[in-house]
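Remarks on the overall topology
What follows is the residue order along each chain.
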Amino acid sequence: MPNYPVSKISTPDEQINILQITDLHLSTPIDTDSNNTCDAGDCQRSFETVLQQALNENIRCDLIIVTGDLVSKVKPATYDHIFAVLQATQTPFACIAGNHDVTDEDGKDLPFFQRELIARPADSRLLSRHVIESDHWQLLLLDSSIMGAVAGEITTADIEWLCKRLAACDKPALIALHHHIIPVDSDWIDIHMAQNADIFWDRMVPFEHLQVIISGHIHQEQVRYRQGVTVYSTPSTCYQFKPYSHDFAYDEEALPGYRWLQLANNGKVASWVERLDT
Ligand SMILES: [Fe+2]
Ligand SMILES: [Fe+2]
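So, a few notes on the structure that sits alongside this text. All values reported here derive from a predicted model rather than from experimental measurement.

In this section: the overall build of the protein. Check the secondary structure of the protein and you find 5 helices and 15 strands. Rg of the C-alpha trace for the protein: 18 Å, near the compact-globule value of 19 Å for 278 residues, within the 12% margin. Oriented by its inertia axes, the alpha-carbon framework of the protein measures out at about 50 × 40 × 35 Å. Of all 278 residues assigned to the protein, the portion counted as buried reaches 37%. By sequence separation, contacts in the protein at least 24 residues apart represent 68% of the contacts at least 6 residues apart.

As structure tokens, then:
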């Protein structure tokens, strides 16, 4: 695939505009001309409509970051389709894995705790410990997925890699990963956050140039702050979870969404979520 993965970004002005999309949850690709009304079709259509709406906005998009759960069932053909759609935008992009990219669930009709979780290797196009550099920023992409599990992890090796990288380069830094690293007051999903988060935060203390962290997984918009870092979670391009619910619940009212991040050359960040037009 030409130009993938992107590792250098340059822009003609004072900032980089990043489009974050997450939790696409596509199943087997369907014929887009067919009138398929199944869930798989909904997520595929929703992903493509979100992407189209974002790229039609009056904002130059310099980079698309896809923060995991690209699929709901691991099949190379589904990734082929997603990568073809992203490639067709002619915008640099980068994708990392979520739990659903390395785990299939057997017994989807059963309550969650009765399902069998089956480990799957990540598609080779999903990135791990990947750096995208610009003149003024460094973007550090991590794979927080664990094969056969819903929860994630920032491994000791990931933390060492981050520390080494942040010590070697003092440009403002953004970290992107799938799993959330600050609890969001929702018991069922907080059980499945990134393990090792406390160690991660302890080790990040010396790095004041770490400015922003983006993640997915929780299918909702959240903004948190810790140690001077702004931590953003972003809605799914398909279905949403109810914020602050201690038991699993969909948020039927919330529309699919996406996030813009504008990283200014002086290290400042502006970010907001947009929802699909109805
Ligand atoms: Fe997800
Ligand atoms: Fe997830």
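The next point concerns the nonpolar core. Formed by 57 residues in total, the largest nonpolar core has its most connected members in Ile96, Leu174, Ile175 and Ala176. Among the elements that take part in this core, helix 1 (residues 39-56) stands out by supplying 5 residues, more than any other. Apart from the residues lying within four places of it in its own chain, the contact partners of Ile175 are Leu140, Leu142, Leu210 and Ile213.

Moving on, we get to helix 2 (residues 76-88). Look at helix 2: 18 Å from first C-alpha to last across 13 residues, which is about the 18 Å you get at 1.5 Å a residue. Restricting attention to buried positions, one finds in helix 2 the residues Thr78, Tyr79, His81, Ile82 and Leu86. One face of helix 2 carries all of its buried residues, which in axial projection span an arc of 160°. Exposed side of helix 2, more than 90 degrees from the buried face: Pro76, Ala77, Ala84 and Ala88 are the residues found there. Contacts made by the buried residues of helix 2 are with strand 2 (63-67) and strand 3 (93-96). Just downstream of helix 2, Gln90 is the residue with a positive phi angle, here 60°.

Okay, unusual backbone geometry next. Residue Pro5 is reached from Tyr4 by a cis peptide bond, and omega for that bond is -5°. Mapped onto the elements of the fold, Pro5 is located in the segment before strand 1 (15-21). Positioned with a positive phi, Asp23 is a non-glycine residue whose angle comes to about 55°. Its location among the elements puts Asp23 in the loop between strand 1 and helix 1.

Let us look at the sheet that holds strand 11 (residues 210-215). With mixed pairing, the 6 strands of this open sheet are ordered in space as 6-7-9-11-13-12. Among the strands making up the open sheet, the edge pair consists of strand 6 (130-133) and strand 12 (222-226). On average, adjacent strands in this sheet sit at an angle of 20° to one another, irrespective of strand direction. Judged from the 4 bridges that link them, strand 11 and strand 13 (residues 229-233) form a sheet pairing that is parallel.

About the criteria used
- Residues numbered from 1 in each chain as written.
- Chains lettered and ligands numbered in written order.
- Predicted model: local features only at pLDDT ≥ 70, side-chain atom pairs only at ≥ 80, totals over all residues.
- Helix = DSSP H or I, 4+ residues; strand = E, 2+ residues; numbered from the N terminus.
- Rg over C-alpha atoms; globule rule 2.2 N^0.38 Å.
- Buried ≥ 20, exposed ≤ 12 C-beta atoms within 10 Å, placed from the backbone.
- Contact = placed C-beta atoms within 7 Å.
- Core = buried A, V, L, I, M, F, W, Y, C linked by C-beta atoms within 7 Å.
- Expected span 1.5 Å × (residues − 1).
- Arc of directions from axis to C-beta.
- Pairing = 2+ DSSP bridges.
- Axes fitted to C-alpha atoms, helices over the stretch in contact; angles between N-to-C directions.

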